[in-house]
Amino acid sequence: MKELEEFNKIIILSVDDDEFNQALASSIFEEFKNITVLEAGHGKEALEMIDKEVVDIILLDILMPIMDGIETLRILKSNPEYKSIPVIVVTSKEDEKRTTYQLGANDFISKPYSPEELKLRVFNHLRIKYFCDLLYDIKDDAQTQNASSEHQLCDLKKAIEIAIGSQKKLLEKLGNIAHEESYKEEKASIRLGEYAKT
């Protein structure tokens, strides 16, 4: 997924007590020179790290010693300084998804990670974050009137390009899903026809 290279420096914080999952998350992004994956073994360590580093996105496991993922997420999303950081929760359990979604989780992924799925989810949330940051910059500039109208127009143009690009990608994905579904239905009809002949 070459689109991840369009960002400048990206820091991903992987919070998991399982060394294999940490190594897997790091290896998935090692091809990108602009991405650094930091590792924390539990929530307390993760919170200490984000006090020192500007983190762009967090992969958060649920079951961990010292401080679990639910408590970590609760603290992150209640802190105005950190609540805009996208958090992808690592779980496949419906009750955990429901709980963490109510606390402000942005997305979910199951273990073991599918490399392409993880890259796509990270990319999508970085685009959304970048889009939101641009809008906040435009709003702040307009309120303080610090920036030139040319600077504001440049930021607005970038935000619109992201929105249009995201819309095109969404439509393309929906089209692919629809195509796959119609192909499955066509195959099912053929099988039913063959079954009816016997």
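Describing the pattern of salt bridges
Counted under the stated rule, the structure contains 9 salt bridges. The shortest N-O distance in the salt bridge between Lys-44 and Glu-48 comes to 3.3 Å. Of this pair, Lys-44 and Glu-48 both sit in helix H2 (residues 43-52), 4 residues apart, which is roughly one turn of the helix. Notably, a salt bridge pairs Arg-74 with Glu-71, separated by 3.0 Å at the nearest N-O pair. Placement of both Arg-74 and Glu-71 in helix H3 (residues 69-78) is noted, with a separation of 3 residues, approximately one turn of the helix. Overlapping salt bridges bring together Asp-16, Asp-61 and Lys-111 as one network.

What about the environment of Ile-12?
Tracing the chain through its elements places Ile-12 in strand S1 (residues 10-15). A C-alpha to C-alpha distance of 6.1 Å links Ile-12 and Leu-38, two positions 26 residues apart in sequence. With sequence-adjacent residues up to four places away left out, Ile-12 is seen in contact with Phe-29, Ile-35, Thr-36, Val-37, Leu-38, Ile-57, Leu-59 and Val-122.

As for the sheet that holds S1
Neighbouring strands of a sheet are bound in pairs by backbone hydrogen bonds; such pairs are parallel or else antiparallel. Ordered by their spatial adjacency, 5 strands build an open sheet running S2-S1-S3-S4-S5, and the pairing between neighbours is parallel. Two strands lie at the open edges of the sheet, namely strand S2 (35-40) and strand S5 (107-109), each paired on one side alone. For this sheet the average axis-to-axis angle between neighbouring strands, irrespective of direction, equals 20 degrees. Pairing geometry for strand S4 (residues 87-90) and S5, over 3 bridges, is parallel. Bridged to Ile-88 within S5 is Asp-107. Packed on one face of the sheet, helix H1 (residues 19-29) meets S1, S2 and strand S3 (57-61) and runs near 175 degrees to S2.

Digging into the pairing of S4
By the alternation rule, side chains of S4 split into Val-87 and Val-89 and Ile-88 and Val-90, which are all buried. As paired elements, S3 and S4 share 4 bridges and run parallel to each other. Counted as the bridge partner of Leu-59 is Ile-88 from S4. Since S3 and S4 lie parallel, the crossover through H3 that links them has a hand, and here it is right-handed. The handedness of the S4 to S5 crossover, carried by helix H4 (residues 94-103), is right-handed.

The rules behind these values
- Residues numbered from 1 in each chain as written.
- Predicted model: local features only at pLDDT ≥ 70, side-chain atom pairs only at ≥ 80, totals over all residues.
- Heavy atoms only, no water.
- Salt bridge = Lys/Arg side-chain N within 4 Å of Asp/Glu carboxyl O.
- Helix = DSSP H or I, 4+ residues; strand = E, 2+ residues; numbered from the N terminus.
- Contact = heavy atoms within 4.5 Å.
- Pairing = 2+ DSSP bridges.
- Axes fitted to C-alpha atoms, helices over the stretch in contact; angles between N-to-C directions.
- Buried < 20%, exposed > 50% of the residue type's maximum accessible area, 1.4 Å probe, protein only.
- Right-handed = clockwise from strand over helix to strand, strands pointing away.

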